[in-house]
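# Descriptive analysis of the structure
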Amino acid sequence: MERYERYHIKIKKMPPLFKIPHKYEPIVNKFELFKMITSEFFHNLKEGLKKRKLKDYIKLTFSRPCKYGVFSGRFGGFKPIKEKCVRCFECKIEYPKVIKDVIINPHYKVLEKFNLSMEDIDTILFESETGMEKVSGMGYKGPFVGKGFDSIWLDMSEIVRPTRDGKEGREYISTETQIGRKVKKFGEGISKTVTVQIPVIFEYEPLKDDNFHRILSCAAYEAGTFYILGISNFKKLERDYKNIFPLFKREEKIEVVSSKIVEFEIEENDDIKILEELKKINDKSIMIARIKAKGDFKELIYFVLNEGAEGIHLVFKRNGYAFDNKKHLTEILRDLNKDLIEKGIRSQITLIVSGGINKAEHVPKAIGCGADLVAIDIPLHIALQSEFKERDDEYEIILKKLNFDWGKQRILNLLSAWHEQLIEALSAMGKRDVRRLVGDYGRLIFFEEIFEESFAGIERVK
């Protein structure tokens, strides 16, 4: 008899393998700095030597103008110690001629494209190192409201018994969900589904690095989730790892695969022949249609579901917005979820969403807006300390040479931290099962709606 075990991800502290890039860079006018130091040194030489030895006085002069020690290295401000900079701008305010500006390190600047702040990156690095959620103890210091996910709050007014019990394990809160098509009612056959222990899967990455794919494949297996691979990489790893499934792109040849789930790309109605071919040779697999959020994607979704697809993977840009307009995925998801409910098919099919899911709090928000699962990518790269480089308006992800065990554990730690936060959110909202949160707008507070309710009819002061 198989023994029942609660879902749990094993964590282990895994410090960064590579040096974490400094956050800020002071831009120094070296000529003005030289003038200032020289002038100050000779002007205050006599007075300074009365109080200090010559050696100490030189050190003090060269360390100006930063109290955090950014200019306290051997070469003073001519070679600032960037790791010590906190971007307080005191140097720029007090010495505007010497300090031109204090900029964000370009490594992090690229990540702003994905709506990630410096604090968010710190949080992901902490989560992947410790497997725990970051608690500052200083209260929330960020903005009151923002765009996209930041315009949604979780309604925790339904705090009930499982709140702490769920977090501390005395009550079990399920994060289990299914991928596939369910029957409409009892007696209509058997549902064609695969169980996933956590509603977070790993997004497809078109990178040529076998070690990277092995790390994610193994982490997906140990965490009870899935990783989407290109067909060539899937063929290499299908014998070694169970929790992976292939993505067939439009131009690729259809092949027989031993996978419970198959994802295929579709951009127009004519691409439906891919689904027909796949069903002929992989009839037992669950078919998921990968559709970009652009143009008449809704019509394409209804079409492909009518043709027999078991689920939809709706892809957004990596900042969470649609490809051809400024609508955020939360807005589009709510609209799509309502339409699917009206058509009477929402509870039967699976809706996966990817793009812009970069923080733990995004998971319950996306699910509350109507997704069954989310697929993540950028947080995985941050956890594995990948390098981001800006090229024109685009960006490039450069993988580091990774140690297999180190990389796998960092991903497991990240998932564990997100799982804990998902349980905390569910318990605070009075939910014992993540599937009950799907499309439950009553557990979300939308800023636009409460703003309209609160100030309707009141003219704005000019």
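These figures come from a predicted structure and were not determined experimentally. (Residues numbered from 1 in each chain as written. Predicted model: local features only at pLDDT ≥ 70, side-chain atom pairs only at ≥ 80, totals over all residues. Heavy atoms only, no water.)

### Comments concerning the pairing of strand β12 (residues 350-354)
Taking burial as the measure, the 5 residues of β12 include 5 buried ones, the bulk of the element. Along β12, one buried face is formed by T350, I352 and S354 and the opposite face, lined by L351 and V353, is buried too. Relative to β12, strand β11 (residues 311-315) runs parallel, the two being bridged by 5 bridges. Opposite I312, over in β12, you have L351 as the bridge partner. Examined bridge by bridge, β12 and strand β13 (residues 373-376) share 3 bridges and lie parallel to one another. By the bridge assignment, I352 is partnered in β13 with L373. Between the parallel pair β12 and β13, the chain is carried across by helix α13 (residues 362-369), and the sense of this crossover is right-handed. (Buried < 20%, exposed > 50% of the residue type's maximum accessible area, 1.4 Å probe, protein only. Helix = DSSP H or I, 4+ residues; strand = E, 2+ residues; numbered from the N terminus. Pairing = 2+ DSSP bridges. Right-handed = clockwise from strand over helix to strand, strands pointing away.)

### Re the side chain of Q385
Checked against the element boundaries, Q385 lands in the loop between α14 (378-383) and β14 (387-391). Ignoring any residue separated from it by four or fewer positions in sequence, one finds Q385 in contact with P16, L17, F18, K19, I20, K400, W406 and R410. (Contact = heavy atoms within 4.5 Å.)

### With respect to the environment of A425
Along the chain, A425 turns up in helix α15 (residues 404-428). Of the residues examined, A425 reaches a relative accessible area of 5% and is grouped as buried. In sequence terms A425 and N319 are 106 residues apart; their C-alpha atoms lie 23 Å from each other.

### Quick word on the pattern of salt bridges
Scanning all chains against the criterion turns up 27 salt bridges. A salt bridge links E449 to R334, with the shortest nitrogen-to-oxygen separation between them at 3.5 Å. In this pair, E449 sits in helix α16 (residues 447-455) while R334 sits in helix α12 (residues 329-342), placing the two residues 115 residues apart along the sequence. Look at E449 and you get partly exposed, because its relative accessible area is 41%. Connected through salt bridges with shared partners, the residues R250, E267, E268 and D271 form a single ionic network. (Salt bridge = Lys/Arg side-chain N within 4 Å of Asp/Glu carboxyl O.)

### Considering a nonpolar patch on the surface
Judged by side-chain polarity, I11, F126 and M132 come together as a nonpolar surface patch covering roughly 260 Å² of accessible area. Tracing the backbone shows I11 in the segment before β1 (24-28). (Patch = residues over 30% accessible without salt bridge, like charges linked within 9 Å, V, L, I, M, F, W, Y side chains within 5 Å. Areas by Shrake-Rupley, 256 points an atom, 1.4 Å probe, with all protein chains shown as cover.)

### Quick notes on empty space enclosed by the protein
The full count for this structure, using the stated rule, is 2 cavities of 30 Å³ or more. Considered as a void within the structure, the largest cavity measures approximately 120 Å³ in volume. Lining the largest cavity are 13 residues, and of these P21, H107, I382, Q385 and S386 sit closest to its centre. Of all the secondary-structure elements, those providing two or more residues to the lining of the largest cavity are α5 (106-109) and α6 (118-130). Of the residues belonging to the lining of the largest cavity, the class tally is 8 nonpolar, 3 polar and 2 charged. Taken as a whole, the second largest cavity holds about 80 Å³ of empty space. Surrounding the second largest cavity, 13 residues form its lining, C66, V70, C85, C88 and C91 being those nearest its centre. Considering only residue class, the lining of the second largest cavity consists of 11 nonpolar, no polar and 2 charged. (1 Å grid on protein atoms, 1.4 Å probe; cavity = no way out; pocket = protein on both sides within 12 Å on 5 of 7 lines; lining within 4 Å. Points joined across faces, edges and corners; volume = space filled by probe spheres on them. Nonpolar A, V, L, I, M, F, W, Y, C, P; charged D, E, K, R; others polar.)

### Quick notes on helix α11 (residues 297-306)
Taken together, the buried positions of α11 are F297, L300, I301, Y302, V304 and L305. On its buried face, α11 sits against β4 (177-181), β9 (261-265), α10 (272-281), β10 (286-292), β11 and α12. In the segment just after α11, G308 is the residue with positive phi, at about 115 degrees.

### What about the packing of aromatic side chains?
Under the defined criterion, the tally for this structure stands at 9 aromatic pairs. Centre to centre, the rings of F18 and W406 are 6.1 Å apart; their planes meet at 85 degrees, and the pair counts as edge-to-face. Of this pair, F18 sits in the segment before β1 while W406 sits in helix α15, and the two are 388 residues apart along the sequence. Exposure remark for F18: the relative accessible area of 23% places this residue in the partly exposed category. Using a relative accessible area of 5% as the deciding quantity, one classes W406 as buried. Ring centres 5.3 Å apart and planes at 50 degrees place the aromatic pair F144 and W153 in the tilted group. Judged by its relative accessible area of 66%, F144 falls in the exposed class. Take W153: its relative accessible area is 23%, and that puts it in the partly exposed class. (Phe/Tyr/Trp six-rings, centres within 6.5 Å; stacked < 30°, edge-to-face > 60°.)

### Digging into the packing of helix α8 (residues 210-223) against α15
Their axes nearest at 9 Å, the elements α8 and α15 cross at an angle of 45 degrees. Taken together, the axis directions place α8 and α15 in an arrangement best described as oblique. For the crossing formed where α8 meets α15, the hand is right-handed. Packed against α8, whose contacting residues are N211, R214, I215, L216, C218, A219, E222 and A223, the element α15 presents F404, G407, K408, I411, L412 and L415 at the interface. Classifying every residue of the contact of α8 with α15 by side-chain character gives 9 nonpolar, 2 polar and 3 charged. (Axes fitted to C-alpha atoms, helices over the stretch in contact; angles between N-to-C directions. Parallel < 35°, antiparallel > 145°, perpendicular 65-115°, else oblique. Left-handed = near helix turned anticlockwise from the far one by under 90°.)

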